[in-house]
Structure formats: C-alpha cells, structure tokens
Amino acid sequence: MHALRSLLVHIDPSPRCAVRLAIARELGRQHDATVTALYACAPSYLDLPFAMAEGSAGAFVALQQLDDDRRRQALALFQHERDIAGTGVRMVWRELAGAPLLPGFAGQALCSDLMLLGQHDADDLQTLGVAPDFVASVLVASGRPALVVPNTGSDAALDGDVLIAWKASREAAHAVTAALPILHRARRIHVCAANAHAGAAGPAELEAWLRLHGIEAAFEHHASVPAEMPGEGLLSLAADVEATLLVMGCYGHSRARELVLGGASRTILRSMTLPVLMAH
C-alpha cells in the first residue's frame, strides 16, 4: 500500500504556515512520517527593487534585516509545532539557500511522498517572496502530489467526508493513489465523475479499486458538475456534503515559460475553501 513516510512543508514568513504545520504534524503522527519544514522565500530585494534604485548600502542592510526577522518568525512557528509534537513526530527544519525558489523547492520535493503547500493570498504581505503561481508551478515541475491548504480556516482534521473529483486521466489517478493513506481514515467518500469516453474507468471501477486497497468508508456517487463551471461546481458540492478534503488532478502545462492551467484547476487554486489534495 502507498504510504506517507516523508512530508515536505513549504514555509514562508506568513503566520498561515502554522495551519499547514499543524496538519503535517497530525499526518506525521498518524502515518509515522518525517515532517520536513523547508523555508523557501525569495529575498526582499528581488521583490522590492525600487528600494535599491539608488544603490543605498543602508537600504540593502535594512532589507536583509527584514528577511532575517521574517525567517526568525517562521522558525518560531516551526519550533512551537515541534514542541507540541514532542517525541511522537520527527520534525526537521531546512532552508533553501542559494537556489532559485521554484526549481530548488521542486527538486527537494522529488524525495517526498506529499508536499504541503499554502494557497496564495494576495492580501498577505508576508508572502511577497513567493510567486502567485508557486503551488501550480511546483506541482507541474516536481510531479509530486500536494495537499494545498486554503488561506482561511484552521481545522487540521482530514478524516471526515472526502470528495473525489474523478476523471479517467493519469492526473486524477495519481491524486487518488497519493490520497490512499488518508482515504483509509475517511468516514464517507463522495465521487463526482466527469463524463468519460466509452471504455474508460468510471466511478464503479474506482470504488472497486479502492475496496481492493482496504478502503471501508461508505461511498456516494454524484452527478457530474456543469462542464462550463467545473471548479465552482466542485466547491459547491464539497460544501453541500460538508467535505473536509477534495481530491483531484491538477491539469496544466508549461508553454514558453508560462504556466497554463485548466479551468477547474485554476478556479480551485484561486477560490478553494477546504484542503485539496492535487497531483499533476
């Protein structure tokens, strides 16, 4: 059975890191996994180049001090969660130093079972050093699954009802496979399937496959969401069934240095209201 043994948590200066650290701590306890908190944030002078316009040495020192303060705040959040975990969970702090943010983090993710990332919040000035498309870019670049935590809410429990957005695609299959350890703790699994071509694996085949992996949760099958608004439809259904987790494929590709996402993936990452386990 697929197991969670290595969790990689993206850490930036935002206080919201505390929520994904708490989720990672609980997953680490449940699955005997090592939690690695990787601090990865671009230096301030890259996001605030106007401050360096006149070449002031004082400005550079001030920005460096700002970065040091933010790093210490993030480290304090990590140490707090590590203290709560005690000896029950192995939690490790690392920093991405010297490497470009995106390829550096994606490279570290290659040896993890699951990444824990945060939804971009344009109103959080503490995340200036993290690009708005960081989550999608890391998913595409690394090929590793990620649990994306919304920028609102504080519930770390994932063992309630789970909604699977099923599509006969490798992305959806990858996401469900990555979610297997979590699905074993689900109370009920809701399956919403897109219209599939003839001969493709549908909801019944998915349920049978999950049963073979020892999933004992009750299943409910739902009609497909409107094709013209798939992201909004999935979020509405997740709210209706009171899901604590959404599992889905992330559809997108890189083209001429630009990340092109599918409509549902783009909507979910922008408007998500619950944790989403995604895989490309």
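Above this note sits the structure.
As the structure is a prediction and not an experimental result, all values here were calculated from the model.

Draft legend 1. Structural view of the overall build of the protein. Assigned secondary structure in the protein consists of 9 helices and 12 strands. Expressed along its principal axes, the backbone C-alpha trace of the protein runs to roughly 65 × 45 × 30 Å. In the protein, which comprises 280 residues, the proportion classed as buried is 48%. With an accessible surface of roughly 13,100 Å², the protein has 53% of that area assigned to carbon and sulfur atoms. Averaging the coordinates of the 22 positive side-chain charges in the protein and doing the same for the 29 negative ones gives two points 5 Å apart.

Draft legend 2. Layout of the pattern of salt bridges. Throughout the structure, instances matching the rule amount to 9 salt bridges. Residue Arg 72 pairs with Asp 69 through a salt bridge whose shortest N-O separation is 2.4 Å. Remark: Asp 69 and Arg 72 occur in helix H3 (residues 57-85); sequence separation between them is 3 residues, near one turn of the helix. Asp 69 gets classed as partly exposed once you look at its relative accessible area, which sits at 29%. A salt bridge links Asp 161 to Arg 187; its shortest N-O distance comes to 2.9 Å. Taken together, the residues Asp 161 in strand S6 (residues 161-166) and Arg 187 in the loop between helix H6 (170-183) and strand S7 (188-193) connect sequence positions 26 residues apart.

Draft legend 3. The arrangement of the environment of His 10 in detail. Residue placement: His 10 occurs in strand S1 (residues 6-11). The exposure class assigned to His 10 is buried, which follows from its relative accessible area of 2%. Expressed as a C-alpha distance, the spacing of His 10 and Thr 36, which sit 26 residues apart in the sequence, is 8.7 Å. Apart from the residues lying within four places of it in its own chain, the contact partners of His 10 are Cys 17, Arg 20, Leu 38, Ala 40, Phe 105, Leu 116, Leu 117, Val 130 and Phe 134. One polar contact links the side chain of His 10 to the main-chain carbonyl oxygen of Ala 40, over a distance of 2.8 Å.

Draft legend 4. Quick look at the packing of H6 against helix H7 (residues 203-212). Where H6 contacts H7, the axes come no closer than 11 Å and their chain directions differ by 55 degrees. Taken together, H6 and H7 sit at an angle that is classed as oblique. Note that H6 runs across H7; the crossing there is right-handed. Of H7, the residues touching H6 (which contributes Val 176, Thr 177, Leu 180 and Leu 183) are Leu 206, Trp 209 and Leu 210.

Draft legend 5. Looking closely at the state of the cysteines. In total, this model carries 0 disulfides according to the counting rule given. Residue Cys 17 stays outside any disulfide, its sulfur separated by 9.2 Å from that of Cys 41, the closest cysteine. The thiol of Cys 192 is unpaired, and the distance to the nearest cysteine sulfur, on Cys 250, comes to 17 Å.

Draft legend 6. Representation of the packing of aromatic side chains within the structure. Going through the model one piece at a time under the given rule, you end up with 3 aromatic pairs. Residues Phe 78 and Trp 93 carry aromatic rings whose centres are separated by 5.5 Å and whose planes lie at 50 degrees to one another, so their mutual orientation is tilted. You can see Phe 78 sitting in helix H3 and its partner Trp 93 sitting in strand S3 (residues 91-95), a full 15 residues away along the chain. Since its relative accessible area comes to 0%, Phe 78 is described here as buried.

What counts, and at which threshold
- Residues numbered from 1 in each chain as written.
- Predicted model: local features only at pLDDT ≥ 70, side-chain atom pairs only at ≥ 80, totals over all residues.
- Heavy atoms only, no water.
- Helix = DSSP H or I, 4+ residues; strand = E, 2+ residues; numbered from the N terminus.
- Buried < 20%, exposed > 50% of the residue type's maximum accessible area, 1.4 Å probe, protein only.
- Areas by Shrake-Rupley, 256 points an atom, 1.4 Å probe, with all protein chains shown as cover.
- Lys, Arg positive; Asp, Glu negative; His and termini not counted.
- Charge placed at Lys NZ, Arg CZ, Asp CG, Glu CD.
- Salt bridge = Lys/Arg side-chain N within 4 Å of Asp/Glu carboxyl O.
- Contact = heavy atoms within 4.5 Å.
- Polar contact = N/O pair within 3.5 Å; in protein donor to acceptor, adjacent residues only side chain to side chain.
- Axes fitted to C-alpha atoms, helices over the stretch in contact; angles between N-to-C directions.
- Parallel < 35°, antiparallel > 145°, perpendicular 65-115°, else oblique.
- Left-handed = near helix turned anticlockwise from the far one by under 90°.
- Disulfide = S-S within 2.5 Å.
- Phe/Tyr/Trp six-rings, centres within 6.5 Å; stacked < 30°, edge-to-face > 60°.

Purely geometric stuff here, so don't read any function into it on its own.
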